[in-house]
Amino acid sequence: MRDDPRLPSSPGFWRSPVRGLRFTSVLGMVLLVGMTVLFVTGLLSYAAYNPDLSPVNDRTPGKGLLGFYLVDWPTDPHWLYRLNQGVHVTLGITLIPVLLAKLWSVIPRLFALPPVRSLAHALERLSLLLLVGGALFQFATGVLNVQLDYVFPGSFYTLHFYGAWVFFAAFAAHVALKLPKALRNLRGPGDEDGLRSPRPAPPTVSRRGALWFVGGGALLLFVTTAGRSFDGVLRRTALLAPHGGADPGSGPNGFQVNKTAVQAGIDPVEAGDDVWRLVVTGRTGTVRLSRADLGRLSLHSAALPIACVEGWATSDQWWRGVRLRDLAALVGYPDGPPDVLVESLQRRGAFRRAALRANQVADPRSLLALWVNGEELSPDHGHPARVIVPAAPGVLNTKWVARMTFGDL
Ligand SMILES: Nc1nc2c(c(=O)[nH]1)N[C@H]1C(S)=C(S)[C@@H](COP(=O)(O)O)O[C@H]1N2
Ligand SMILES: [Mo]
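As the structure is a computational prediction, the values presented were derived from the model and not from experiment.

## Some thoughts on the packing of aromatic side chains
Evaluated as defined, the whole model comprises 14 aromatic pairs. A centroid spacing of 6.1 Å and a plane angle of 65 degrees characterise the contact between Phe 156 and Tyr 157, whose relative ring orientation is edge-to-face. Neither Phe 156 nor Tyr 157 differs from the other in exposure class; each is buried. Taken together, the ring pairs connect Phe 39, Phe 68, Tyr 69, Trp 165, Phe 167, Phe 168 and Phe 171 into an aromatic cluster. Its guanidinium or amino end placed over the ring of Trp 104, Arg 19 lies 4.1 Å from that ring's centre, counting from NZ or CZ. The positively charged end of Arg 291 is found above the aromatic ring belonging to Trp 371, 5.8 Å away from the centroid.

## Examining the site of ligand 1
Around ligand 1 lies a shell of 19 residues, among which Gln 256, Gln 346, His 381, Arg 386 and Lys 399 are the nearest. Backbone polar atom of Asn 258 to an oxygen atom of ligand 1: 2.9 Å apart, as the coordinates give it. The separation between an oxygen atom of ligand 1 and a polar side-chain atom of Lys 399 is 2.5 Å. Out of a free accessible area of 530 Å², ligand 1 has 100% covered by protein chains. Among the residues making up the shell around ligand 1, the classes are represented as eight nonpolar, eight polar and three charged.

## What about the side chain of His 121?
Mapped onto the elements, His 121 comes out in helix α5 (residues 119-148). Dropping the residues within four chain positions of it, His 121 is found in contact with Pro 114, Pro 115 and Val 116.

## Quick notes on the sheet that holds strand β1 (residues 278-282)
Taken in spatial order, the five strands of this open sheet run β2-β1-β10-β5-β6, and their pairing is mixed. This sheet does not close on itself; its edge strands, each paired only once, are β2 (285-289) and β6 (353-356). When the angles between neighbouring strand axes are averaged without regard to direction, this sheet yields 15 degrees. Two elements, β1 and strand β10 (residues 401-406), share three bridges in a ladder whose sense is parallel. In the sheet register, Val 279 faces β10, and the bridge partner there is Arg 403.

## Here we look at α5
Counted at 1.5 Å a residue, the expected span for α5 with its 30 residues is 44 Å, and the 42 Å between its end C-alpha atoms agrees. Among all positions of α5, only His 121, Ser 127, Leu 131, Gly 134, Ala 135, Gln 138, Phe 139, Thr 141, Gly 142, Asn 145 and Val 146 are buried. Against the buried residues of α5 lie α1 (21-48), α2 (80-94), α3 (96-105) and α6 (156-187).

## Brief notes about the packing of α1 against helix α7 (residues 207-223)
For the pair α1 and α7, the least separation of the axes is 11 Å and the interaxial angle reads 25 degrees. When the axes of α1 and α7 are compared, the pair comes out roughly parallel. Remark: the crossing between α1 and α7 carries right-handed chirality. For the pair α1 and α7, the contacting residues are Arg 22, Phe 23, Val 26 and Leu 27 in the first and Arg 207, Ala 210, Leu 211 and Val 214 in the second. The residue makeup of the contact of α1 with α7, split by class, is six nonpolar, no polar and two charged.

## Things to note about the domain arrangement of the chain
Under the domain assignment, the chain is made up of domain 1 (11-223) and domain 2 (278-406). Each of domain 1 and domain 2 has a C-alpha centre, and the two are 38 Å apart. Together, Thr 75, His 78 and Arg 82 form the three largest contributors to the area buried by domain 1 at its contact with domain 2, with a combined 26%. Inspection of the region where domain 1 meets domain 2 yields two salt bridges. With a shortest N-O distance of 3.2 Å, Asp 76 and Arg 365 are connected by a salt bridge. Applying the counting criterion to the domain 1 and domain 2 interface returns 14 residue pairs in polar contact (both at pLDDT 80 or more). Where the side of domain 1 that touches domain 2 is concerned, the elements lending two or more residues are α1, α2 and α5. The biggest single contributor to the side of domain 1 that touches domain 2 is α2, with six residues. Tallied by class, residues from the side of domain 1 that touches domain 2 come to 14 nonpolar, nine polar and six charged.

## Side note on unusual backbone geometry
Cis geometry is found at the peptide bond from Leu 113 to Pro 114, where omega equals -10 degrees. With respect to the secondary-structure elements, Pro 114 resides in the loop between α4 (107-111) and α5. With an omega dihedral of 10 degrees, the bond running from His 383 to Pro 384 counts as a cis peptide bond. Examined against the element boundaries, Pro 384 turns out to sit in the loop between β8 (375-376) and β9 (386-388).

## Structural notes on the pattern of salt bridges
Within this structure, the stated rule accounts for eleven salt bridges. Arg 403 is the partner of Glu 343 in a salt bridge, and the nearest nitrogen-oxygen pair spans 3.4 Å. Separated by 60 residues along the polypeptide, Glu 343 in strand β5 (residues 340-344) and Arg 403 in strand β10 bring together distant segments of the chain.

## What to know about the nonpolar core
Core analysis: the largest hydrophobic core is formed by 86 residues, its most contacted members being Leu 278, Trp 319, Leu 327, Leu 368, Met 404 and Phe 406. When residues in this core are grouped by element, the largest group, ten residues, is from α1. Two domains each donate at least three residues to this core, and these are domain 1 (11-223) and domain 2 (278-406). Not counting the four nearest positions on each side in its chain, Met 404 is found in contact with Leu 278, Val 279, Val 280, Thr 281, Leu 324, Leu 327, Val 340, Leu 341, Val 342 and Leu 368.

So, how was this worked out
- Residues numbered from 1 in each chain as written.
- Chains lettered and ligands numbered in written order.
- Predicted model: local features only at pLDDT ≥ 70, side-chain atom pairs only at ≥ 80, totals over all residues.
- Heavy atoms only, no water.
- Phe/Tyr/Trp six-rings, centres within 6.5 Å; stacked < 30°, edge-to-face > 60°.
- Buried < 20%, exposed > 50% of the residue type's maximum accessible area, 1.4 Å probe, protein only.
- Lys NZ or Arg CZ within 6 Å of the ring centre and 35° of its normal.
- Near = heavy atom within 4 Å.
- Polar contact = N/O pair within 3.5 Å; in protein donor to acceptor, adjacent residues only side chain to side chain.
- Areas by Shrake-Rupley, 256 points an atom, 1.4 Å probe, with all protein chains shown as cover.
- Nonpolar A, V, L, I, M, F, W, Y, C, P; charged D, E, K, R; others polar.
- Helix = DSSP H or I, 4+ residues; strand = E, 2+ residues; numbered from the N terminus.
- Contact = heavy atoms within 4.5 Å.
- Pairing = 2+ DSSP bridges.
- Axes fitted to C-alpha atoms, helices over the stretch in contact; angles between N-to-C directions.
- Expected span 1.5 Å × (residues − 1).
- Parallel < 35°, antiparallel > 145°, perpendicular 65-115°, else oblique.
- Left-handed = near helix turned anticlockwise from the far one by under 90°.
- Domains from an automatic or database assignment.
- Buried area = accessible area lost by both parts, 1.4 Å probe.
- Salt bridge = Lys/Arg side-chain N within 4 Å of Asp/Glu carboxyl O.
- Core = buried A, V, L, I, M, F, W, Y, C linked by side-chain atoms within 4.5 Å.

Now the structure itself:
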């Protein structure tokens, strides 16, 4: 029964001559480095949202110890989030063929009998379930989020954050168990541990050729993804980046729009110059400012990108408007601004409000922007006013701002 080669539980059932520990070890080493970078950039991406700051930003209020590493997200260098998220998303997509090839290479083990040989073996198999399940879950949720955006309304952060910890715990255990063997197998012919087929079919491709095939697939994904972190000609190479949604057109406002004013349900009358007033509240009370009032305050410019959690980013745009710290000074914080809660005219949607930390408010490049690239903000980029903060993820750059409440959150 056990050796009946018609059954997947028999080693003879698996006939590809490509399988073997060396093939598995090479892919495993690539994943060891790649998955670690994905995990670290993923945790940093979460930290960039400043979840410890306010319940508004915190998508995983029950995280407990898992949030041990959270820091006040810095504002320097101003491309920090763009780089972090470009690496995270581009690398994640690039590693898909490597992950699939690795799983393919060890699939005979899934069916090996007896299913459980000992308590230790049972624990190992359980950890493999978390490892493989966790990896597939992280890749699936990540890819769905960047390609279809907002398929998990409000829950993507939660799913991807906890999924990352489950995966990485199993990954660390797996590496501790397998690394010595993988290293041995890279140096010389090791024991084959049931991966090499006992009755291999004639080869149609060499092992090296199979690795080139996987690497070529990864390279193809890389060159059709990496461009999403840029604009202009490079953006057009990002064939896999989502192109649906609003066409931002050309001209000063012609850079990527994630959600249009119409999609966000912005009422053009409410956002119009006659009606709109920015309501700023702080220690000394509330002030209401029209767009003309804002234009009479001290105006400043900053060259900053929009960098979305989905991995797309623009290059630096020239924003012009009022410094956030000057708005804080208007309501009672002349030296040293506190945190701020920013709320949009938008009535529904997870990103209609966000909290910023004191260090972000204090940065002289942090603006409530009224203009971009020398022109009025377009409705889709947040007219009448939007927040722009260096090094922060796009979700913190609230559009169609209606209210700012300064104070320690
Ligand atoms: N009010 C509001 N502001 C918002 C959003 C939103 O949905 N509503 N989306 C945020 C996200 S996720 C990003 S990436 C940026 C995108 O800005 P852009 O459309 O001007 O490129 O806006 C941010 N500001
Ligand atoms: Mo975003």
